[in-house]
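Working through the structure, step by step
Single-letter residue listing:
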Amino acid sequence: MRAVRYYGPGDVRVDRISEPSAGKGQIKIKVSQCLCGSDLHLWHELLPICPTLTEPHVVTNEKLPVVMGHEFSGTIVDVGPGVDTSRLTIGSHVVIEPLLSCMQPTCPFCSQGARNLCRHATFIGIAGCGGGLSEYISVDQRLVHILPSHVPLDVGAIMEPLAVAWHTVKSSKIKPGDHALVLGAGPIGLLTLRVARAFGASWIGVSEPALKRRELASKNGADVVFDPTAQGVDVVSAVIAATGDRGADVVFDCAGSQKTLDTAFLAVKPRGHIVNAAVWAQRPTLDIDSLTYKEVSLSSILAYDRVHPEMLKAIANGKFDVEGLGSLITRRISFEEVVDKGIKALLYEKDEHVKILVSPDLEPPVAHARL
Amino acid sequence: MKAALFYGPENVRVEDIPDPVAGPNQVKIKVAWCGICGSDLGIYYGMLSDVITQRPLPVGIGHEFSGTIVELGPGVDANKLAIGQNVAVSSNVYSLETPSTRMQGVSCDGGGLSEYVVVEQDAVYILPAHIPLDIGALIEPLTVSWHALEKAQFKAGDSVLVLGAGPIGILIVKVAKVFGASWIGVSGRGAKRCSLVREHGASVVYAVPEVTDDEIVAETFKATKGNGADVVVDCAGTQSTLDVALKAVRPGGTVMNVAGWKKFPEMNMNLCLAKEIVLSNSLGYGGAHPEVIEAVAQGKFDKLDALVTLRVPLTEFVEKGLRALTHEKDQHVKVLIHP
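Predicted model only: the values in this text are computed from it and were never measured.

1. Quick notes on the overall build of chain B
From N to C terminus, chain B includes 11 helices and 18 strands. Against the 2.2 N^0.38 benchmark of 20 Å for 339 residues, chain B shows a C-alpha radius of gyration of 20 Å, consistent with a compact globule. Along the longest, intermediate and shortest principal axes, the C-alpha atoms of chain B span 60 × 40 × 40 Å. Of the contacts formed within chain B by residues at least 6 apart in sequence, a portion of 71% connects residues at least 24 apart. As displayed, chain B has an accessible area near 13400 Å², and 53% of this comes from carbon and sulfur atoms. Positive and negative side-chain charges in chain B, numbering 29 and 37 respectively, have mean positions lying 4 Å apart.

Printed below as a string of structure tokens:
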């Protein structure tokens with residue numbers, strides 16, 4: 001089968017590799033679609049969660065190259081021995097929770113279920129065990145979840161980043177009626193906006209420099225959208241005014257810059273919560289005085305912790321509306337276009353794109369013969 | 001009456017001013033003892049000017065005090081409060097409706113460094129008869145430490161690394177012990193502070209700078225089965241202590257900041273992300289006064305009197321009190337002033 005594999009920074013290739021089979025406790029999935037891109041950092045540098053060409057990852061026992069892609073959906077085509085077929089049957093549409101961890105009895109985090117905190121936590125599609133940028137993948141049944149029947153498979157590929165947003169909002173301890181500020185309307189910011197509303201936020205402001213992303217924020221339910229770079233726009237004052245002079249109950253930093261952090265500290269209410277969901281290019285300076293005098297808490301999240309079942313249940317019973325989530329998909333490409341039209345688009349045309357969907361079934365564009 | 005008044009940086013004078021009068025819902029207290037806080041030093045040296053200048057100068061200072069009720073203003077609940085009762089005072093009149101904090105002895109009328117002070121009736125807590133008034137003056141800083149650990153969700157059996165063995169650090173250690181900590185590591189500077197904090201309950205003391213930051217982190221991992229401390233309390237407030245805190249805390253753990261900072265630090269946000277670290281800040285009391293007074297009354301804290309290392313009359317507040325904390329910092333934990 002064809003698969004997109006990561007060899008190292010700047011080196012991604014479409015290879016032919018053998019199709020996996022469903023081992024003990026595993027499900028074989030025909031991949032429908034996979035999102036490109038949260039692994040963008042890998043284009044520039046190896047991360048500790050990756051193996052190298054010579055050193056295998058301790059959890060997957062695999063070295064580079066590895067199949068890429070951790071945000072995907074698909075259809076079950078085979079079940080291995082020991083699979084719970086009352087839950088998972090051939091033909092079912094499914095999504096994957098790609099979080100891998102050591103699962104050792106001595107690990108307090110894996111033992112308690114908080115696998116994202118395992119010191120060796122990593123992901124399918126980053127450290128091995130297959131990836132979504134391939135035609136087929138075999139996955140441990142514990143990581144496979146049924147996609148609610150009304151959700152199309154392409155939107156199913158968005159379930160993984162949605163789970164990140166869900167975990168982000170849950171950990172903020174937001175309460176119905178709260179006022180929230182979302183900084184950054186990239187994929188995580190937009191999904192956080194949606195989830196915060198589902199959790200009962202009564203007012204959500206979104207701050208985002210890029211026009212297209214601001215438009216998407218409006219479409220996805222923001223009460224007010226700020227352009228922090230525009231003349232005369234003061235996000236902090238506007239938030240204080242919109243919240244009865246108190247400040248936002250919760251601020252989500254989904255952008256990760258000195259500016260957004262500073263804005264967060266000033267816009268949050270005393271004793272409020274700031275949740276950081278962003279990866280940072282540089283270490284910011286902390287306005288520790290604001291934090292201290294306002295007794296603010298600043299937490300960060302990594303991936304998700306036992307979020308998929310409740311999230312998918314909320315989608316299944318209509319509590320969380322996936323209508324319009326497909327608007328986050330700004331381009332559909334083939335395997336062969338992953339680098340030039342996928343990764344590079346997300347790196348260098350950031351403001352034009354949110355999520356790029358890759359289909360194994362899409363043919364690469366045919367080169368026209370020159371006459 | 002005599003009162004210590006802050007006129008400006010390094011300009012505190014003990015002067016005669018009219019006695020305050022208890023207005024509606026207020027009580028007048030004859031102050032017995034008032035402790036000096038690190039923030040009082042900050043006020044004296046002009047580092048907390050923003051907070052102070054909410055009121056026209058001069059202002060009374062001192063917020064860690066105990067005393068006896070001598071007058072009840074109109075509307076005070078006479079079933080709860082009576083003349084002659086010994087009390088500790090919650091100095092923080094914190095309003096959630098407005099972001100600003102009004103604090104007795106910092107930004108309100110009158111402070112504890114005076115013979116008499118008037119406070120809101122809600123800010124007054126009765127001291128059980130067997131708690132002496134000097135211990136009563138320790139209730140405020142004990143409550144700050146109690147609330148900080150509560151806010152960090154510190155549970156019995158948890159491990160805590162305390163960075164800084166000054167007065168705050170020592171109180172955090174004492175409260176952690178009462179909370180049932182399984183391990184209390186402390187980093188401190190100076191032989192006297194290190195031995196004091198060991199006396200007050202530290203499981204192990206890391207003397208800086210002889211013990212390096214990397215060693216503190218490594219030792220914390222060793223002591224916590226390789227997971228990291230459940231809670232790290234930063235009482236020192238430096239780039240170095242923040243870096244140690246982020247490395248030494250366990251994934252999902254809380255770094256609790258109770259320090260005053262001289263310089264804004266840089267924050268390793270990606271490490272926070274990888275470990276889902278919570279950075280929390282605590283200044284106030286969280287309504288913990290009754291619980292703390294109860295714990296003291298039941299004898300849960302030992303050697304509280306050993307925390308008082310100097311007693312000074314109000315008239316010598318600057319010359320002996322502030323000076324001791326400025327120039328003989330390492331020798332002292334709590335300096336108590338008596339009007």
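After presenting the structure, the write-up continues.
2. A short note on the packing of helix H5 (residues 187–198) of chain A against helix H6 (residues 211–219) of chain A
All names here are of chain A. Where H5 contacts H6, the axes come no closer than 10 Å and their chain directions differ by 15°. Taken together, the axes of H5 and H6 lie roughly parallel to each other. Here H5 runs over H6; the crossing is right-handed. Residues Pro187, Leu190 and Leu193 of H5 pack against Arg213, Leu216 and Ala217 of H6. Residues of the contact of H5 with H6, tallied by class, amount to five nonpolar, no polar and one charged.

3. Quick notes on helix H6 (residues 191–199) of chain B
Residue and element names in this part refer to chain B. Within H6 the residues assigned to the buried category are Arg193, Cys194, Leu196 and Val197. Buried residues of H6, viewed axially, fall in a sector of 165°; they line one side. Here the buried face of H6 lies against helix H5 (167–178), strand S12 (183–189) and strand S13 (204–208). Remark: glycine 201 follows H6 within two positions and exhibits a positive phi of approximately 125°.

4. Description of the pattern of salt bridges
Residues and elements named next belong to chain A. A full pass over the atoms with the stated rule returns 30 salt bridges over all chains. Note that arginine 2 and glutamate 336 form a salt bridge whose closest N and O atoms lie 3.1 Å from each other. Of the two residues, arginine 2 sits in strand S1 (residues 2–8) while glutamate 336 sits in the loop between strand S17 (329–333) and helix H11 (338–348), which places them 334 residues apart along the sequence. When salt bridges that share partners are traced, they join Arg246, Asp249 and Lys269 into one network.

5. Description of unusual backbone geometry
Cis geometry marks the peptide bond from Leu64(A) to Pro65(A); its omega dihedral reads 0°. Among the structural elements, Pro65(A) can be located in the loop between helix H1 (41–44) and strand S4 (66–67). Following Leu57(B), the chain continues to Pro58(B) via a peptide bond in cis, the omega torsion being 5°. Here Pro58(B) is to be found in the loop between helix H2 (49–52) and strand S4 (59–60).

6. Re helix H7 (residues 213–223) of chain B
Along an α-helix, residues three or four positions apart point the same way, because every turn accommodates 3.6 residues. Residues and elements named next belong to chain B. Along H7, the residues that are buried comprise Ile216, Val217 and Thr220. Seen end-on, H7 carries its buried residues on one side only, within an arc spanning 95°. Exposed residues on H7 whose side chains face more than 90 degrees from its buried face are Asp214 and Lys222. At its buried positions, H7 is contacted by strand S11 (159–163), S12, S13, strand S14 (229–234) and helix H8 (239–248). One or two positions beyond H7, positive phi appears at lysine 225, with a value near 55°.

7. Remarks on the interface of chain B and chain A
Facing the 38 residues of chain B at the interface are 34 residues of chain A. A combined buried area of about 3300 Å² lies between chain B and chain A, and 58% of that area is made up of carbon and sulfur atoms. When the area that chain B buries against chain A is broken down by residue, the three leading residues are Met269(B), Leu273(B) and Glu276(B), summing to 20%. Viewed at the interface, chain A and chain B are joined by zero salt bridges. Summed over the shared surface of chain B and chain A, the result is 14 residue pairs in polar contact (both at pLDDT 80 or more). Residue assignment for the side of chain B that touches chain A shows that the elements contributing at least two residues are helix H4 (139–151), H8, strand S15 (249–257), helix H9 (269–275) and strand S16 (278–281) of chain B. Looking at the side of chain B that touches chain A element by element, the count peaks at six residues for H9(B).

8. Things to note about the sheet that holds strand S1 (residues 2–8) of chain B
All names here are of chain B. Strand order in this open sheet of three strands is S2-S1-S4, and the pairing throughout is antiparallel. Among the strands making up the open sheet, the edge pair consists of strand S2 (11–16) and S4. Judged from the two bridges that link them, S1 and S4 form a sheet pairing that is antiparallel. Bridged to phenylalanine 6 within S4 is valine 59.

9. Regarding the environment of Arg197(A)
Residue and element names in this part refer to chain A. Relative to the helices and strands, arginine 197 resides in helix H5. By relative accessible area, arginine 197 is classed as partly exposed at 29%. With residues near it in sequence (within four places) discarded, arginine 197 still touches Ser202, Trp203, Ile204, Gly221, Ala222 and Asp223. Of note is the side chain of arginine 197, whose polar atom sits 3.2 Å from the backbone oxygen of alanine 201.

10. With respect to the sheet that holds strand S13 (residues 224–226) of chain A
Read across the sheet, 12 strands follow the order S13(A)-S12(A)-S11(A)-S14(A)-S15(A)-S16(A)-S16(B)-S15(B)-S14(B)-S11(B)-S12(B)-S13(B) without closing on themselves; strand pairing throughout is mixed. Single-partner strands in this sheet number two, and they are S13 of chain A together with S13 of chain B. Strand-to-strand twist in this sheet, taken as the mean axis angle between neighbours without regard to direction, amounts to 15°. As judged from the five bridges shared by strand S11 (residues 179–183) of chain A and strand S12 (residues 203–207) of chain A, these two strands associate in the parallel manner.

11. As for the nonpolar core
Residue and element names in this part refer to chain A. Met159, Leu162, Phe252, Met311, Ile315 and Phe320 are the most contacted members of the largest nonpolar core, which totals 98 residues. When residues in this core are grouped by element, the largest group, seven residues, is from helix H4 (residues 159–171). If we ignore the near neighbours within four places in the chain, the residues touching phenylalanine 252 are Thr168, Val169, Ser172, Ala180, Leu181, Val182, Leu183, Thr192, Ala196 and Val275.

Quick notes on the rules
- Residues numbered from 1 in each chain as written.
- Chains lettered and ligands numbered in written order.
- Predicted model: local features only at pLDDT ≥ 70, side-chain atom pairs only at ≥ 80, totals over all residues.
- Heavy atoms only, no water.
- Helix = DSSP H or I, 4+ residues; strand = E, 2+ residues; numbered from the N terminus.
- Rg over C-alpha atoms; globule rule 2.2 N^0.38 Å.
- Contact = heavy atoms within 4.5 Å.
- Areas by Shrake-Rupley, 256 points an atom, 1.4 Å probe, with all protein chains shown as cover.
- Lys, Arg positive; Asp, Glu negative; His and termini not counted.
- Charge placed at Lys NZ, Arg CZ, Asp CG, Glu CD.
- Axes fitted to C-alpha atoms, helices over the stretch in contact; angles between N-to-C directions.
- Parallel < 35°, antiparallel > 145°, perpendicular 65-115°, else oblique.
- Left-handed = near helix turned anticlockwise from the far one by under 90°.
- Nonpolar A, V, L, I, M, F, W, Y, C, P; charged D, E, K, R; others polar.
- Buried < 20%, exposed > 50% of the residue type's maximum accessible area, 1.4 Å probe, protein only.
- Arc of directions from axis to C-beta.
- Salt bridge = Lys/Arg side-chain N within 4 Å of Asp/Glu carboxyl O.
- Buried area = accessible area lost by both parts, 1.4 Å probe.
- Polar contact = N/O pair within 3.5 Å; in protein donor to acceptor, adjacent residues only side chain to side chain.
- Pairing = 2+ DSSP bridges.
- Core = buried A, V, L, I, M, F, W, Y, C linked by side-chain atoms within 4.5 Å.

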